[in-house]
Amino acid sequence: MKPELLAPAGDIEAAYAALFYGADALYLGLRQFSARATATNFSEEQLCEITGFAHSKGVKVYVTINTVLQEEQLNDLMSSLKTCQKANVDAIIIQDLGVAQIAKKHFPTLQLHASTQMAVHNYEGALSLKNMGFSRIVLAREMTLPEIEKVSKIEGLETEAFIHGALCYAYSGLCLFSSLESGMSANRGKCLYPCRAEFDGDLGKKHLFSMKDMALQEDVLKMPVTSLKIEGRKKTALYVAAVVNYYRRLIDGKPTQGLDEDIRQIFARPWTKLHFNGKNKDVIDTDFVGHRGLKIGAVKNVIKGILTFIPNHDIERYDGIQIDIEGQEKPFGFSLEKMRVQGKNVFQAKAGTVVEVSLPPKAPFITSGAPVYLASSSKVKGKYHYDKPKAGSYAFKHPIDVFVEIKNDFIVAQAEEWKAQITESFSKAQNIQKVNQSIHDAFDKTGDTSFQLNNLTIENKDDLFVPVSILNQLRRQLYAQIQIKEQHIILPDTPNTEHTFKGYIIKTDKPEILQNLNDFVEAIILLNPNFDFASLKSLPKNKIRLALPAVCRHPDLYKKTIQKALDLGYKKWEIGNYWGLSVLTPVGLDLTFDNSIYTLNSYAIKTAKELGAKRITFSFEDTAENLQNLAGKSILPTVFVAYSDVPLFISANCIRPHDCKQCAQDKKWFSLNKGKERYDVLSVPCQTILMNKKALYLGQHTNSIQADYIRIDLLYKKYDFADVNRILNAVKNKQSLPLTVSGNWQKRI
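What you see as residue numbers is a count from 1 along each chain, following the sequence as written. Where totals are concerned, whole chains, interfaces and linings use all residues; where local detail is concerned, this predicted model gives features only for residues with pLDDT of at least 70, and gives and counts side-chain atom pairs only at 80 or more. Hydrogens are left out, water is left out, and the side-chain values use all remaining heavy atoms of the structure.

Just checking my understanding: could you explain the side chain of Thr-446 for this structure?
You can see Thr-446 is positioned in the loop between helix 11 (432-443) and strand 25 (451-459). Classification of residues uses two cut-offs on accessible area relative to the type maximum, computed with a 1.4 Å probe and protein chains only: under 20% is buried, over 50% is exposed, and between them is partly exposed. Note on Thr-446: relative accessible area 9%, which makes it buried. Whether two residues are in contact is decided by their heavy atoms, any of which lying within 4.5 Å being enough. If we ignore the near neighbours within four places in the chain, the residues touching Thr-446 are Lys-397, Phe-451, Gln-452, Leu-453 and Tyr-479. Note on conventions: DSSP H or I runs of at least 4 residues are helices, E runs of at least 2 residues are strands, and numbering of each starts at the N terminus.

See below:
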C-alpha cells in the first residue's frame, strides 16, 4: 500500500494547489495555537470549506494545535477544538499534554497525532505515546532509516516522517533559543530563527547552525511510514504545487525529469538528506542564508556593468537570478531586464549560449567564477495552474430536521422549537409523489442561511395537494426564525491547592561537588550510559534521584545502567522525555518530570499525574504571570528552577569542523558570539548543546512563586563545592547574581 502524501497549507490557496496536484492529506493551522503562527492560517469558515472540499475528493485534513498553552488560554482552546469537531477534521496534531487530555474528554471523536514538537526520537518514546492514546506520531527529523523502520513496526501506531523542506538545527520541541533570547517562543509558534544568524568565535565567522533544506527525493520510496510529510506552511501555493507534484509522481512511479529544478527555482536552500542514511556532516550552509535557486552556471567576467556567463538552463527576460558575493551572507539578486546573445537583444537565451546581462545600478563587486542561480522563473510561475471550487461551495452548514404536516385547512412546518403555519384549504392530490417531491425541493432551498436540510418528515394522511407558492412561503417563515445555537463548553476552574515550601534541590552531572547534602532535601544526578555508581557511595540514598536525559538515540545503552541502579536500590527517578516512561516500568518507583516535558497549564499537570509523575518542574521559558497563576492550581508538587545553564538547543548535528572518522569522541567546548551575546557550545559525540555564557537566574523572585521546591542546576559547565555554596546562599537570601540573565520573567511569550 502506498504511503500517504501529506502536504502543508499555510493558506487556502496552498491547500487548493496541494489538492490539485495529488496530496492525499493536508495539514494546516488555525489562527491560534499553531507552531507556524506567522503563516496566514485558517479561519473557522475556511477550515470548514477546505475540509468539505477535501473530503469530497477523499483527502484527509489534519489541524495543527501544536504549541504549549498557558493557563489563561485553556478556554480559548475549547473554541479551537470545537471548530475542528464542527469541520469534521480527521485528526489534530498536538504537543501539549493538556490539549491531549481536554480533547480526549470533551471531543472524543478527534484523533490525536503527536507533533514532532513532542521530540520523540526513539522506539521507546513512540511506544509511550501510543500507550497515552495517540494514533499517530510525527517522528523527529533527525532519525535514520533503521530507526524509522524500528518505530514503524509498533503495531497499532501510525508513523509520519518529514521528507522535504526547511530544517531546524535543534530537536523540535527542545529549542528555547528564540524564547529565552527574545521572548518569541518556538514552542508557541513564534520562533525568530536566531540559529540562522552569523556567529563569530573559535570556528571563525560563519552561519554555524543555518541548516540546508531536506530533500529525500527517491529515498522516500524506502520509507516504511504511514505518511510522507512535506514541510512548508509558510511557503507559497506555487511552491506547494511544485513539491507535491514532484513527490506524487515519484511515489506513483511516473517521470520526474526537471521537476526538482522547478522546486529549486521557486524556493530552495541547498539540499541535504540529513541523517536519513546515517551520520551526515553535510547539513549546514555556513556562508549564505535564504533562498539560492537553481545553479545554472558561473560568472565568466564583468566588464563595464555587463556580466557574461554561459547558462546550462534556458532563461527568459524578467527571470530572477542570484549571484554569490564573497563576504555577504545573502546572494545578490536582480531581474533580467536586458540580455544579449551575439550582440542582439533577446527575450530568451538557450542553454549553452554566451549571455550578456546588464547589471542594475550600484551592483556589488562580482568576481569571475561566482556561482549564478536561477532564483525565479517566469516559465515555472505559469506552469503550475490549479483549479478550485466556487467560493462558498463547500461551506459548512448545520444540519436541521424538518417536520411538515398537512391538514384540510392548514399546513405546518416545524424544526426543533421553531414553527410556522399557514391557514389554507387544500384539495386532493392527483400525484402524491410529485407533492412530496415539491415539499422536499422547497425546504431544501436553504440559500445563504447557516444550515441545510438533513431529514424531512412529511405527514399527509389525506394525500392533499399544496401549491409551490404556499410551500415557499411556509419555508421562508420557518427559516427566518431559526437561529443555530453554538454549544459552548467552559472548562471548570482548577481549585487552588495549598503548597508549602519543602526545601532546596540541586541537579548536577558532577556528584563530586556534593560533599554533603545538609542544605538540600534532594540531589538529582544526571546519568550517562557509563555512570560510576561508586561516586554516590558517600551520599544518603534517600536523598538521591537519578535522571535520564531528554535526548537519547540509543536507550539500550542506558538499560544496563538503569537495571544496576534499581538493583542498588535507587527508587527515585526523573525523566526529561517520554522515552523514560517505557524504560522505567518497575512498580513502586517515585517518578518526576523535568521541565523538558512541558506543563504550562493545569490540565497538562493533571495528565502528568495520570502518567505516574509525583512532581513536575516548571518550564525554563515560562513567565512570571503564568507561573504565579499556575503554581497554586497544580495538583502535583512543583519545582521552580532558580539557577541553570539552560540548553538553548540540543542538536544531533555536529559543530566540529572535521569529519566523523577524525573524531576523538571526547567532550569539547567552543566559544561563540552573536552581536553582544556570548555563548558556550558543548560538543559531545553526535550531539551539540548551545548555552548562553550567562546562566538563567531567578533566585530573587522565588517568594512570588508558590513552589514546593527551589532547584539549582549545576550541569555541563565546571562547578565546584564553592560554587554550590555561593549560588545557594544567593538563592536563600533572594539576592541578585552578577553575569546572569532573567529569561522570560517579565515577558509574554
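How should I be thinking about the nonpolar core in this particular structure?
Most often, soluble globular proteins keep nonpolar side chains buried together rather than apart. Definition of nonpolar core: a set of buried residues of the types Ala, Val, Leu, Ile, Met, Phe, Trp, Tyr and Cys, connected through side-chain atoms within 4.5 Å. Counting residues in hydrophobic clusters, the biggest one holds 193 residues, and the most contacted among them are Phe-209 and Trp-573. Ranked by residues supplied to this core, first place goes to helix 8 (residues 237-252) with 11 residues. Residues within four places of Phe-209 in sequence aside, it is in contact with Tyr-169, Cys-195, Phe-199, Ile-284, Phe-649, Ile-655, Leu-672, Val-681 and Leu-690. Among the nonpolar cores identified, the runner-up in size contains 26 residues, and Ile-406, Ala-429, Phe-443 and Leu-464 belong to it.

I'm lost on empty space enclosed by the protein in this one. Help?
Any empty space left between atoms is shown by rolling a water-sized probe over those atoms. Here a cavity means grid points, on a 1 Å grid over the protein atoms only, where a 1.4 Å probe fits yet cannot get out; a pocket means an open set of points with protein on both sides within 12 Å along at least five of seven lines; lining residues are those with an atom within 4 Å of a point. Grid points are joined across faces, edges and corners, and a volume is the space filled by probe spheres set on the points. Tallied over the full model, the rule gives four cavities of 30 Å³ or more. In this model, the largest cavity occupies a volume close to 90 Å³. Lining the largest cavity are 14 residues, and of these Gln-117, Met-118, Tyr-578, Ser-596 and Tyr-598 sit closest to its centre. In the lining of the largest cavity, the residues fall into seven nonpolar, six polar and one charged. If you add up the space inside the second largest cavity, you get close to 80 Å³. Taken together, Ala-140, Arg-141, Met-143, Ile-148, Ala-161, Phe-162, Met-214, Leu-216, Met-223 and Phe-276 make up the full set of residues lining the second largest cavity. Polar here means any residue outside two lists: the nonpolar Ala, Val, Leu, Ile, Met, Phe, Trp, Tyr, Cys and Pro, and the charged Asp, Glu, Lys and Arg; Gly therefore counts as polar. Each residue belonging to the lining of the second largest cavity can be placed in one class, and the counts come to nine nonpolar, no polar and one charged.

What am I meant to see in helix 4 (residues 97-106) here?
Three or four residues apart is the spacing at which side chains of an α-helix point the same way, because the helix has 3.6 residues per turn. Taken across its 10 residues, helix 4 has seven buried, putting it largely inside the fold. All of the buried residues in helix 4 are Leu-97, Gly-98, Val-99, Ala-100, Gln-101, Ile-102 and Ala-103. Backbone nitrogen of Gly-98 and a side-chain oxygen of the N-cap are separated by 2.6 Å at the start of helix 4; the cap is Asp-96. Identification of polar contacts relies on pairs of N or O atoms within 3.5 Å, with a donor-acceptor requirement for protein atoms, meaning one able to donate a hydrogen and the other able to accept it, and with residues adjacent in sequence counted only if both atoms are side-chain atoms.

It is not clear to me how helix 9 (residues 259-266) should be interpreted in this structure. Could you clarify?
Among the residues of helix 9, Leu-259, Asp-262, Ile-263, Gln-265 and Ile-266 are the ones counted as buried. Each buried residue of helix 9 sits inside an arc of 165 degrees when the element is viewed along its axis, so together they form one side. Buried residues belonging to helix 9 abut strand 7 (158-165), helix 8, strand 11 (271-272), strand 12 (294-303), strand 21 (371-376) and helix 10 (378-381). Think of the arc as the fan of directions from the helix axis to the C-beta atoms.

I'm lost on unusual backbone geometry in this one. Help?
Leave glycine aside and you will find that most residues have negative phi; peptide bonds, for their part, are mostly trans. Of note, the phi angle at Lys-362 is positive, near 60 degrees, even though the residue is not glycine. Inspection of the secondary structure puts Lys-362 in the loop between strand 20 (355-358) and strand 21. Backbone geometry places Lys-734, a non-glycine residue, at a positive phi of 55 degrees. Secondary-structure assignment places Lys-734 in the loop between helix 17 (721-732) and strand 39 (740-741).

I'm lost on the sheet that holds strand 24 (residues 418-423) in this one. Help?
Across a sheet, paired strands are connected by hydrogen bonds in the backbone, their directions being either parallel or antiparallel. Here we have four strands laid out as an open sheet, ordered 24-23-22-25, and mixed in their pairing. The open sheet is flanked by strand 24 and strand 25, the only strands paired with a single partner. Looking at each pair of strands side by side, their axes are set apart by 20 degrees on average, direction ignored. The pairing criterion is simple: DSSP has to find at least two bridges between the two strands. For strand 22 (residues 398-406) and strand 23 (residues 410-415), the ladder comprises four bridges, and the chain directions are antiparallel. Within strand 23, the position partnered with Phe-403 by the bridge is Gln-414. Note on definitions: angles span 0 to 180 degrees between N-to-C directions of axes, and those axes are lines fitted to C-alpha atoms, for helices only across the stretch in contact. Strands in contact with helix 11 are strand 22, strand 23 and strand 25; relative to strand 25, the strand with the most contacts, it is inclined by about 155 degrees.

Looking at this model, I keep getting lost on the pattern of salt bridges. Mind explaining?
Any two side chains of opposite charge can pair if their charged atoms end up close together. The term salt bridge refers to a pairing of a side-chain nitrogen on Lys or Arg with a carboxyl oxygen on Asp or Glu at a separation within 4 Å. Using the criterion set out here, one finds 44 salt bridges in the structure. Across the salt bridge formed by Asp-262 and Lys-383, the nearest N and O atoms sit 2.7 Å from each other. Of this pair, Asp-262 sits in helix 9 while Lys-383 sits in the loop between helix 10 and strand 22, placing them 121 residues apart in sequence.

In this structure, what is going on with the environment of Asn-436? I would like to understand it.
Structurally, Asn-436 can be placed in helix 11. The exposure class assigned to Asn-436 is partly exposed, which follows from its relative accessible area of 30%. Separated by 27 residues in sequence, Asn-436 and Asp-463 have C-alpha atoms that sit 9.6 Å apart.

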